[in-house]
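Residues per chain, in single letters:
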Amino acid sequence: MEPAEAPAIVDYFLQADLEFLNQLGVEPSKLPERNDWINRLNDEFSRPLERKRFFYLVWEADRLPIGHSNINKISFGQQAFMHLHIWRPEHRRSGHAAHYVQQSVQEFFRLFQLRRLYCEPYALNEAPNRTLPKAGFRFVKKYETTPGWLNFHQPVNLWVLERAIALGK
């Protein structure tokens with residue numbers, strides 16, 4: 001992600017309707033103000049990889065941004081938690097998400113020297129729970145938590161991807 005792409009990521013959430021945010025497991029009252037959120041994203045650009053709190057990759061189709069994947073809860077050289085979002089409705093349910101996820105995880109493993117990558121999507125959100133096994137993730141368990149700073153308390157499915165599987169070694 002380039003700094004100029006931060007507004008697109010923020011606007012994906014801020015311009016979404018309440019039904020869509022609920023489907024994602026997002027609590028609308030937790031969404032920050034647009035400029036504060038963009039500044040938060042841009043502050044990460046100055047941090048070295050070893051000290052990043054989160055990191056974003058923007059997905060493109062036909063040279064147009066269509067979504068993103070990001071990691072947070074990063075323990076450099078160990079693990080991180082991944083999120084995935086397709087911004088443009090016409091690209092959802094296209095069957096391409098697993099391809100984007102596979103490309104993203106390879107970059108996350110390489111850049112952050114990860115041993116494993118987790119993803120804990122809202123259990124009632126079918127899209128990521130359908131995509132993750134296609135991208136090589138293994139289901140671990142279902143439990144309840146508040147998975148991120150934007151989320152409400154919810155049932156989640158915990159998925160994991162090990163380095164050897166992600167990098168084909």
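Please read all numbers here as calculations on a predicted model, not as lab measurements. (Residues numbered from 1 in each chain as written. Predicted model: local features only at pLDDT ≥ 70, side-chain atom pairs only at ≥ 80, totals over all residues. Heavy atoms only, no water.)

1. Topic: the packing of aromatic side chains
Applying the stated criterion across every chain, the model contains twelve aromatic pairs. Here the aromatic rings of Y12 and F13 are separated by 4.8 Å at their centres, their planes lie at 75 degrees, and the arrangement is edge-to-face. Given a relative accessible area of 9%, Y12 falls into the buried group. Ring pairs connect the aromatic residues Y12, F13, F20, W37 and W149, which therefore count as one cluster. (Phe/Tyr/Trp six-rings, centres within 6.5 Å; stacked < 30°, edge-to-face > 60°. Buried < 20%, exposed > 50% of the residue type's maximum accessible area, 1.4 Å probe, protein only.)

2. Description of helix α4 (residues 97-112)
For α4, spanning 16 residues, the distance from its first C-alpha to its last is 22 Å, which sits close to the expected 22 Å at 1.5 Å a residue. If you check which residues of α4 are buried, you get A97, A98, Y100, V101, S104, V105, F108, F109 and F112. Taken down its axis, α4 places every buried residue within 160 degrees of arc, on the same side. Q113 occupies a position one or two residues after α4 and carries a positive phi of about 50 degrees. (Helix = DSSP H or I, 4+ residues; strand = E, 2+ residues; numbered from the N terminus. Expected span 1.5 Å × (residues − 1). Arc of directions from axis to C-beta.)

3. As for the pattern of salt bridges
Per the counting criterion, the structure on display carries seven salt bridges. Note that E120 is salt-bridged to K73, the shortest N-O span being 3.2 Å. With a gap of 47 residues between them, E120 in the loop between β4 (116-119) and α5 (126-134) and K73 in strand β2 (residues 64-75) connect regions that are remote in the sequence. For K73, a relative accessible area of 41% corresponds to the partly exposed category. (Salt bridge = Lys/Arg side-chain N within 4 Å of Asp/Glu carboxyl O.)

4. A short note on the side chain of E44
Within the secondary structure, E44 is located in the loop between α3 (34-43) and β1 (54-61). Looking at E44, the relative accessible area reads 3%, which means it is buried.

5. Some thoughts on the pairing of strand β3 (residues 79-86)
The element β3 is extensively covered by neighbouring structure, given that six of its eight residues are classed as buried. Looking at chain direction, β2 and β3 are connected through seven bridges and run antiparallel. Paired with N70 across the bridge in β3 is H83. From the end of β2 to the start of β3, which pair antiparallel, there are three residues, and G77 there has a positive phi angle of about 80 degrees. (Pairing = 2+ DSSP bridges.)

6. Remarks on unusual backbone geometry
For R63, which is not a glycine, the phi torsion comes out positive at approximately 65 degrees. Along the chain, R63 falls in the loop between β1 and β2. For Q113, which is not a glycine, the phi torsion comes out positive at approximately 50 degrees. In this fold, Q113 is placed in the loop between α4 and β4.

7. Quick look at the sheet that holds β2
Pairing in this open sheet of six strands is mixed, and the strands run β1-β2-β3-β4-β6-β5 from one edge to the other. Of all strands in the sheet, those with a lone pairing partner are β1 and β5 (138-145), marking the two edges. Averaged over neighbouring strand pairs, the angle between their axes works out to 30 degrees when direction is ignored. Examined bridge by bridge, β1 and β2 share eight bridges and lie antiparallel to one another. Each bridged residue has a counterpart across the sheet, and for Y56 the counterpart in β2 is N70. (Axes fitted to C-alpha atoms, helices over the stretch in contact; angles between N-to-C directions.)

8. What to know about the environment of H68
Relative to the helices and strands, H68 resides in strand β2. The sequence separation of H68 and Y100 amounts to 32 residues, and the corresponding C-alpha distance is 8.7 Å. The residues touching H68, leaving out its near neighbours within four places in the chain, are I9, Y12, F13, Y56, L57, V58, W59, H83, L84, H85 and W87. Within polar-contact distance, the side chain of H68 engages the side chain of W87 at 2.9 Å. (Contact = heavy atoms within 4.5 Å. Polar contact = N/O pair within 3.5 Å; in protein donor to acceptor, adjacent residues only side chain to side chain.)

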